[in-house]
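Analysis of the macromolecular model
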Amino acid sequence: MATQDRLIESTQELLWERGYVGTSPKAIQQHAGVGQGSMYHHFTGKPDLAAAALRRSAEQMRAVAAADLAGPGTAYDRIAAYLLREREVLRGCRMGRMAQDPDVIADPRLRTPVAETFDWLRGRIAELVAEGQAAGELVGGVDPVDTAAAVVAVVQGGYVLARAAGDAEPFEQAVRGALGLLAAHRAG
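Let me sum up the structure you'll find in this document. The shown structure was predicted, so the numbers you read here are calculated from the model rather than taken from an experiment.

A few words on the overall build of the protein chain. Helix and strand content of the protein chain: 10 helices and 0 strands. The N-to-C order of helical and strand elements in the protein chain reads α-α-α-α-α-α-α-α-α-α. Within the protein chain, the proportion of its 188 residues that are buried is 43%. At a minimum sequence separation of 6, the contacts of the protein chain that also span at least 24 residues come to 67%. Surface accessibility of the protein chain: about 9,100 Å² in total, with carbon and sulfur atoms responsible for 54%. If the 20 positive side-chain charges of the protein chain are averaged to one point and the 23 negative ones to another, these points end up 5 Å apart.

Here it is as structure tokens:
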């Protein structure tokens, strides 16, 4: 693996684990197995490297969610596939954890990939709800944008509840609850 990729992957992992402040350039270098010169050859500093890591995490999160949401079945089935996907629940969401990091939120360059990822996710789920309504699978009285926001909030809130409890069950309860609410809006 190229040095630049090792630096980005190490930063992704450390940001997820420790947050922005807790991720020092020295920790990144040690995790990636590179020297200071290599890091500064590829990146101007920690903010530049963190921005690259957040962009890559955003791309990866979108790719996984896109695959779930583009799978076979009805709109409900595809949203269910997204909700039921296997996750590292107790680690939380890479992007969701960054949304809670004050240093990330304070820097537009770092915040942008986080905000864009959640905007994309809400938009894609809203499209699916609208598709389900147009196909007669879901009732028409449900607002697709509001429903999408609720689905994303369930996942993010489920991570928080699970981490607080030290147990995945609160996440799983939130997902089951969301699926129950969506199922109640199925046509027929």
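Here we take up the packing of helix H1 (residues 3-18) against helix H2 (residues 25-32). If you want to describe how two helices pack, look at the angle between their axes and the distance between the axes. Interhelical geometry of H1 versus H2 gives an angle of 120° and a closest axis separation of 9 Å. Put simply, H1 runs oblique to H2. Where H1 crosses over H2, the two elements pack in a sense that is right-handed. Here Arg6, Leu7, Ser10, Thr11, Glu13, Leu14 and Arg18 of H1 lie close against H2, whose contacting residues are Ala27, Ile28, His31 and Ala32.

Quick look at the environment of Ala52 now. By secondary structure assignment, the location of Ala52 is in helix H4 (residues 46-69). Expressed as a C-alpha distance, the spacing of Ala52 and Glu9, which sit 43 residues apart in the sequence, is 9.6 Å. Other than its neighbours up to four places away in sequence, Ala52 contacts Ile8 and Phe43.

Basis of the calculations
- Residues numbered from 1 in each chain as written.
- Predicted model: local features only at pLDDT ≥ 70, side-chain atom pairs only at ≥ 80, totals over all residues.
- Heavy atoms only, no water.
- Helix = DSSP H or I, 4+ residues; strand = E, 2+ residues; numbered from the N terminus.
- Buried < 20%, exposed > 50% of the residue type's maximum accessible area, 1.4 Å probe, protein only.
- Contact = heavy atoms within 4.5 Å.
- Areas by Shrake-Rupley, 256 points an atom, 1.4 Å probe, with all protein chains shown as cover.
- Lys, Arg positive; Asp, Glu negative; His and termini not counted.
- Charge placed at Lys NZ, Arg CZ, Asp CG, Glu CD.
- Axes fitted to C-alpha atoms, helices over the stretch in contact; angles between N-to-C directions.
- Parallel < 35°, antiparallel > 145°, perpendicular 65-115°, else oblique.
- Left-handed = near helix turned anticlockwise from the far one by under 90°.

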